[in-house]
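Now for the letters of each chain:
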Amino acid sequence: GEDVEQSLFLSVREGDSSVINCTYTDSSSTYLYWYKQEPGAGLQLLTYIFSNMDMKQDQRLTVLLNKKDKHLSLRIADTQTGDSAIYFCAAHPLFSGGYNKLIFGAGTRLAVHP
Amino acid sequence: DGGITQSPKYLFRKEGQNVTLSCEQNLNHDAMYWYRQDPGQGLRLIYYSQIVNDFQKGDIAEGYSVSREKKESFPLTVTSAQKNPTAFYLCASNHPGDYGYTFGSGTRLTVV
């Protein structure tokens, strides 16, 4: 079946790098996404990577994709207190039952402390 | 600016009452979605609609109903049949070929 798994919690010191990991089961996934959710708010698309890419960098964000192991990671460089949020990994299966289906992980809560 | 508007932001309901959550988008998106979010459980799909006057059940549709009479609007009714309705509800939309979904800011429903 389709599943996306993430660890639930990560704590880092301000200024350090954060690495949030995600695994997915559907090898047909064409796009993989990272969303950020601040308290009481909706989800904001941070970045995405196409399945034929290994890496994508966007300012402080680096996404790494290991398609063989179905493993995705999001690295945030120089983590700031404003990065404290829940981060969701999502996969877009190629065969999605006739609609643009995204499978979301449970979210990783990132806590940044001084 | 284009976006998705969910209202109200907070909603309180007495047990046994139906309540309707509003979701409106001006992005001209064909597809709209409703998700429920509970702590530590991520997002669960309630209903989705790919086109006006058509919608499909998601993974947890029991106790919920929707309508899609206009492209811009996809209201969700939480009925008294929903046993545990207290949650954060998120509406999303997209267009075929889009990267991911655009989300609204959510409605927190509390049953009192």
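Residues numbered from 1 in each chain as written. Chains lettered and ligands numbered in written order. Predicted model: local features only at pLDDT ≥ 70, side-chain atom pairs only at ≥ 80, totals over all residues. Heavy atoms only, no water.

## Examining the interface of chain B and chain A
Consideration 1: Counting from both sides, the interface comprises 23 residues of chain B and, opposite them, 20 residues of chain A.
Consideration 2: Counting the surface lost from both chain B and chain A, the interface buries some 1,600 Å², and carbon and sulfur atoms represent 55% of this.
Consideration 3: Where chain B touches chain A, the interface holds zero salt bridges.
Consideration 4: At the boundary of chain B with chain A, the tally comes to five residue pairs in polar contact (both at pLDDT 80 or more).
Consideration 5: Contributing elements (two or more residues each) for the side of chain B that touches chain A: strand E4 (31-38), strand E5 (42-51) and strand E9 (87-94) of chain B.
Consideration 6: The greatest single-element share of the side of chain B that touches chain A, amounting to five residues, is contributed by E5 of chain B.
Consideration 7: When its residues are assigned to classes, the side of chain B that touches chain A shows ten nonpolar, eleven polar and two charged. (Contact = heavy atoms within 4.5 Å. Buried area = accessible area lost by both parts, 1.4 Å probe. Salt bridge = Lys/Arg side-chain N within 4 Å of Asp/Glu carboxyl O. Polar contact = N/O pair within 3.5 Å; in protein donor to acceptor, adjacent residues only side chain to side chain. Helix = DSSP H or I, 4+ residues; strand = E, 2+ residues; numbered from the N terminus. Nonpolar A, V, L, I, M, F, W, Y, C, P; charged D, E, K, R; others polar.)

## Considerations on the pairing of strand E11 (residues 108-113) of chain A
All names here are of chain A.
Consideration 1: Residues Thr108, Leu110 and Val112 of E11 are buried on one face, while the alternating residues Arg109, Ala111 and His113, pointing to the opposite face, are not.
Consideration 2: Inspection of the sheet shows strand E2 (residues 9-13) paired to E11 by five bridges, in the parallel sense. The residue of E11 that forms the bridge with leucine 10 is leucine 110.
Consideration 3: Alignment of strand E9 (residues 85-92) against E11, held across three bridges, turns out to be antiparallel. By the bridge assignment for E11, isoleucine 86 is matched with arginine 109. (Buried < 20%, exposed > 50% of the residue type's maximum accessible area, 1.4 Å probe, protein only. Pairing = 2+ DSSP bridges.)

## So, the sheet that holds strand E1 (residues 4-6) of chain A
All names here are of chain A.
Consideration 1: Read from one edge of the open sheet, five strands run E1-E3-E8-E7-E6, paired in antiparallel fashion. Each edge of the open sheet carries a strand with a single partner, namely E1 and strand E6 (55-58). With strand direction ignored, the average angle separating the axes of adjacent strands in the sheet is 15°. (Axes fitted to C-alpha atoms, helices over the stretch in contact; angles between N-to-C directions.)

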